[in-house]
Amino acid sequence: MSNKKELRIGLIGCGFMGRTHSNGYRRVPNFFPALQYTPVLQAVCARNEAKARAFADQWGYASVETDWKKLIARDDIDAVDICTPNDTHAEIAIAAAEAGKMVLCEKPLARTLAESQEMVDAVEKAGVANTVWYNYRRIPAVTLAKKIIESGKLGQIYHYRANFLQDWTINANLPQGGEGLWRMDASVAGSGVTGDLLAHCIDTAMWLNGSIKDVSAVTETFVKERMHQLTGKVEKVGIDDACVFHCHFENGSLGLFESTRYARGHKALYTFEINGANASIRWDLHDLNRLEFFDNSDESTLRGWRSIHVTDGEQPYMDKWWVPGLGIGYEHSFIHQVADFLQSLETGGPCKPTFKEALETQKVCEAVLESASSKSWKDTGVNVCIK
Ligand code: SOE
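Residues numbered from 1 in each chain as written. Predicted model: local features only at pLDDT ≥ 70, side-chain atom pairs only at ≥ 80, totals over all residues. Heavy atoms only, no water.

Chemist: How should I be thinking about the packing of aromatic side chains in this particular structure?
Modeler: For any two aromatic rings, the description comes down to two numbers: the centre-to-centre distance and the angle of the planes. One pass over the full model with this rule turns up 22 aromatic pairs. Taken together, a centroid distance of 5.9 Å and an interplanar angle of 20° make the contact between Tyr160 and Phe257 stacked. Of this pair, Tyr160 sits in strand S7 (residues 157-165) while Phe257 sits in strand S12 (residues 254-260), and the two are 97 residues apart along the sequence. Residue classification places Tyr160 among the buried residues on the basis of a relative accessible area of 1%. Its relative accessible area of 1% is what places Phe257 among the buried residues. Between the NZ or CZ atom of Arg282 and the centre of the ring of Trp305, over which it lies, the distance is 4.0 Å. (Phe/Tyr/Trp six-rings, centres within 6.5 Å; stacked < 30°, edge-to-face > 60°. Helix = DSSP H or I, 4+ residues; strand = E, 2+ residues; numbered from the N terminus. Buried < 20%, exposed > 50% of the residue type's maximum accessible area, 1.4 Å probe, protein only. Lys NZ or Arg CZ within 6 Å of the ring centre and 35° of its normal.)

Printed below as a string of structure tokens:
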């Protein structure tokens, strides 16, 4: 008989993120066999019962709920995983914490800073384990970047640059709101690319390079009105289609961030580059197993950008996968997050970013949106270093 401890998962929402998380729960025991905890897919919840049942069959969930309040009330659920649109994160997370459940929440933490703060208060008051799925931290090449930065090899940091570019909303006839398109409805999503895409860039940036002090931003909504899928009426578009901001980091470096859903040809181009006095690093999601590294102390005749294929067992997470030279993909970042969450239950430590740390990203997002609407610099108020 197995002496593993069970972590019984109740997943709410069965869209794209529900699939990435479910895959994470299923794969972890195969590839991280030393962990004491093993996830059990206990229940999945969606308002549409047929959809929930099909999802349960596909991914192996033992039962189905159509009301998230019922799922939270069940005493055979240990952890609630929130994969629903952003307007429901706060209500579900607060109720789950009050019911004594662990809470894993999809990013961004919530629509606004105020909602996010209530979520932080709730998990802290309840003392329950919590984490937010900023998955890109757990791509081995990105984790390796963190290790290189921590080793001091870059020297003083001068610049941090990040992009997250997509092109899926260029068509002016694309409706807003409703299934599959809630990211375009400001009342559901909270914001456009700022909360959806730049939040990833900000989380990674503050993890790698420390706090962002202040920001100056510009946003644009290129298509001003769209038909709303739920009302059938043409309605004003409230989200930011594109956002560009620059900022000061606490360590004195300058940051430059750009995100848009109008960069024709780019589907999910997330890149970052960090330049220090001695060395630089850059990474590109489209070539996610690679980390590029330039070290000015290399012999001058051989000096150049090294392209490190991050597939060696000595590199982060890679001892769990295949053999050197064989890459992994996007889905593995979620498997790693599940593994780290289970590990944190063993050690009693936090699984980063916690709600409290993700709140700092919300502060920057809110300051970015305020800066754009007031056309002025804004202090972020970030006061917890998530590095
Ligand atoms: C939007 O298209 C999206 O799916 C985001 O919501 C995810 O967080 C990002 O990782 C990929 O793009």
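Picking up where we left off.
Chemist: How should I be thinking about the packing of helix H4 (residues 89-98) against helix H5 (residues 113-126) in this particular structure?
Modeler: What describes two packed helices is the angle between their axes and the distance between those same axes. The geometry of H4 relative to H5 is characterised by a closest axis approach of 9 Å and an angle of 10° between their N-to-C directions. It follows that H4 is roughly parallel to H5 by the angle criterion. The segment H4 lies against H5, with His89, Ala90, Ala93, Ile94 and Ala97 engaging Glu115, Glu118, Met119, Ala122, Val123 and Ala126. Each residue belonging to the contact of H4 with H5 can be placed in one class, and the counts come to eight nonpolar, one polar and two charged. (Axes fitted to C-alpha atoms, helices over the stretch in contact; angles between N-to-C directions. Parallel < 35°, antiparallel > 145°, perpendicular 65-115°, else oblique. Contact = heavy atoms within 4.5 Å. Nonpolar A, V, L, I, M, F, W, Y, C, P; charged D, E, K, R; others polar.)

Chemist: I'm lost on unusual backbone geometry in this one. Help?
Modeler: Leaving glycine out, the prevailing phi sign among residues is negative, and the prevailing peptide bond configuration is trans. Residue Pro108 is bonded to the preceding Lys107 through a cis peptide linkage, with omega at -10°. Pro353 follows Lys352 through a cis peptide bond whose omega is -5°. Counting through the fold element by element, Pro353 comes out in the loop between helix H9 (331-347) and helix H10 (355-374). In this structure, Tyr317 is a non-glycine residue whose phi angle is positive, near 65°. Judged by relative accessible area, Tyr317 falls into the buried class, the value being 16%. With phi around 50°, Lys375 is a residue other than glycine that occupies positive phi space.

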